[in-house]
Amino acid sequence: MSSPGLVVVGAGLAGVAACESARREGYTEPITLLGAESYLPYDRPPLSKELLLGEAAPTIPALRERDRFEELDIDVWTDAPALGLDTQSRIVTTGRGDLPYRHLVIACGASSRELPGTAGVSGIHTLRTYADAEAIWKRLQSPARVVVIGAGFIGAEVASAARSYGHPVTIVEAAPAPLTRSLGVEGGALCAELHARNGTELVLGVGVAEVMTDTSGQAVRAIRLTDGRTLDADLVVVGIGAVPSTEWLADSEIALNSIDGGIECDATLAVLTNSGDPIEGIWAGGDVAHWPNALFDRRMRLEHWASASEQGALAARNAVAVSPAHTYTAVPYFWSDWYGTRLQFVGTSHADELLVQHRVDKTGGTVVLYRSGTRLTGVLTIGRPDLIMKYRRFVVQADSWCAGVDFGADRCR
Ligand code: FAD
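Definitions and limits used
- Residues numbered from 1 in each chain as written.
- Predicted model: local features only at pLDDT ≥ 70, side-chain atom pairs only at ≥ 80, totals over all residues.
- Heavy atoms only, no water.
- Near = heavy atom within 4 Å.
- Polar contact = N/O pair within 3.5 Å; in protein donor to acceptor, adjacent residues only side chain to side chain.
- Areas by Shrake-Rupley, 256 points an atom, 1.4 Å probe, with all protein chains shown as cover.
- Helix = DSSP H or I, 4+ residues; strand = E, 2+ residues; numbered from the N terminus.
- Nonpolar A, V, L, I, M, F, W, Y, C, P; charged D, E, K, R; others polar.
- Domains from an automatic or database assignment.
- Phe/Tyr/Trp six-rings, centres within 6.5 Å; stacked < 30°, edge-to-face > 60°.
- Buried < 20%, exposed > 50% of the residue type's maximum accessible area, 1.4 Å probe, protein only.
- Lys NZ or Arg CZ within 6 Å of the ring centre and 35° of its normal.
- Contact = heavy atoms within 4.5 Å.
- Buried area = accessible area lost by both parts, 1.4 Å probe.
- Salt bridge = Lys/Arg side-chain N within 4 Å of Asp/Glu carboxyl O.

K.L.:
Sorry, what's going on with the site of the ligand here?
P.N.:
Around the ligand lies a shell of 33 residues, among which Arg44, Lys49, Ala82, Arg128 and Asp287 are the nearest. Trp305 places a main-chain nitrogen or oxygen 3.1 Å from an oxygen atom of the ligand. Protein contact buries 93% of the 1,000 Å² of open area that the ligand shows by itself. Mapped onto the shell around the ligand, the elements with two or more residues apiece are helix 1 (13-24), helix 7 (305-320) and strand 23 (333-338). Tallied by class, the residues present in the shell around the ligand amount to 19 nonpolar, 8 polar and 6 charged. Three or more residues apiece are contributed to the shell around the ligand by two domains, here domain 1 (6-111 + 243-320) and domain 2 (114-240).

Encoded structure:
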């Protein structure tokens, strides 16, 4: 009887990276990639960018062609969500029956947080999947008053796409500034200038009091805000964050983060029990995983493309390799595109002492440096894609603040 091999739960970016990495390691046992959606694995960043902007009907931004999975002998199961996990018997329960594993990589990502009470109301969307993007694209093709709830990156990209069609757009954000968690107050405020320059109204420090529907109660007509204002709306996109997709693990011995339900891992991405012990044969990576990032001396869960790909690959390598497990460290990196301008961030904005320095140089770009003690811990660039990776080396160094400032001073005159 053949070995049950490697099972990867989650046919997204981290899951694909995991499968490919195992084969690169010379793994010859069966690999099964379990996906909850109906499609082969696809890429998410284009969903809120090119795909919404396109004049032609959208197509799925596939991560790999079907041939690639055949070539690597990876058995991809679509429409097959994992429903439960028995770590003693090493069995994943799926809608298509039980699947035994020898090694398991959990890469099931996250799903959009919903606005309570809006299920089934037409005109209200979240954006995480291809189906979400396709529905929003369709609605953008005819005149629409657009309200975006949440001024995060995805909300901002949707607003930017809607403005490109000439639609009036209002973003509603409960916090006093956008993107405070990712960029700090000043960094978020600098990004928000792009909204003002491109005709998007930004309403800050106000929540949603009520979603108002038509007389049938089926379609959104307006949003009433907590300050009493009412915004007419034909299309509402809710961008209030994502929640790790771990409901299926609730009865397992896997430790789930008490705040967001993400999977607790050690520094090698081995999955932990509630007592902090690694569970044999199980690893995790991508948006679902919390792990201690030694470069910043803190536990993190990132929702960034680059780290999802790297973590998926390392989780599988550690799962199947005979050599000792490698630890995962990362300088977090993400990008976002608003109104034709690229925003990029390396490092972390979580600093003991935060100091923001920005310069608007002759190219119109902006650079924001984040300081923690004597170290440059994060850099935000707006419209300076040529610089961001050059700053990365300072972010990993101790005592790098002065060197980072000098580097920026030379380049941002
Ligand atoms: P996912 O991509 O969420 O994939 C997980 C997969 O697992 C999903 O297909 C899901 O259906 C499946 N799954 C869930 N539960 C189960 C289950 N029980 N059984 C089986 N399968 C399951 N990052 C950037 O750095 N820059 C960007 O510009 C950017 N833009 C983005 C735009 C959008 C619209 C979105 C949604 C994300 C964006 N990101 C961006 C973030 C980036 O795409 C994610 O960090 C990355 O996709 C995470 O990959 P993942 O494989 O961990 O999770």
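K.L.:
Before we go on, may I ask you to explain the packing of aromatic side chains in this structure?
P.N.:
What describes a pair of aromatic rings is the distance from one ring centre to the other and the angle between the planes of the rings. Under the counting rule described, the total for this entry stands at 13 aromatic pairs. Aromatic pair Phe153 and Phe334: ring centres 4.8 Å apart, planes at 65°, arrangement edge-to-face. Of this pair, Phe153 sits in helix 5 (residues 153-164) while Phe334 is found in strand 23, placing the two residues 181 residues apart along the sequence. There is no split in this pair, since Phe153 and Phe334 are both buried. Taking 5.8 Å as the distance between ring centres and 15° as the angle between the ring planes, the aromatic pair formed by Phe334 and Phe345 counts as stacked. Here Phe334 is found in strand 23, whereas its partner Phe345 is found in strand 24 (residues 341-347), with 11 residues between them in sequence. Owing to a relative accessible area of 2%, Phe345 belongs among the buried residues under this scheme. The rings of Phe153, Phe334, Trp338, Phe345 and Tyr370 are connected pair by pair, giving a single aromatic cluster. The ring centre of Trp77 lies 4.4 Å from the NZ or CZ of Arg96, which sits over that ring.

K.L.:
Can you help me understand the domain arrangement of the protein chain in this one?
P.N.:
When the parts of a complex come together, some accessible area is lost, and that lost area is often taken as the interface size. Here the protein chain is partitioned into domain 1 (6-111 + 243-320), domain 2 (114-240) and domain 3 (340-411). Distance from the C-alpha centre of domain 2 to the C-alpha centre of domain 3: 29 Å. With 9 residues of domain 2 in contact, the opposing surface of domain 3 contributes 12 residues. Taking both partners together, domain 2 and domain 3 bury about 840 Å²; carbon and sulfur atoms supply 72% of that area. It is Leu183, Leu190 and Leu194 that lose the most area in domain 2 upon contact with domain 3, and together they represent 50% of the buried surface on that side. Linking domain 2 with domain 3 are 0 salt bridges. Across the contact surface, domain 2 and domain 3 share 3 residue pairs in polar contact (both at pLDDT 80 or more). When its residues are assigned to classes, the side of domain 2 that touches domain 3 shows 4 nonpolar, 3 polar and 2 charged.

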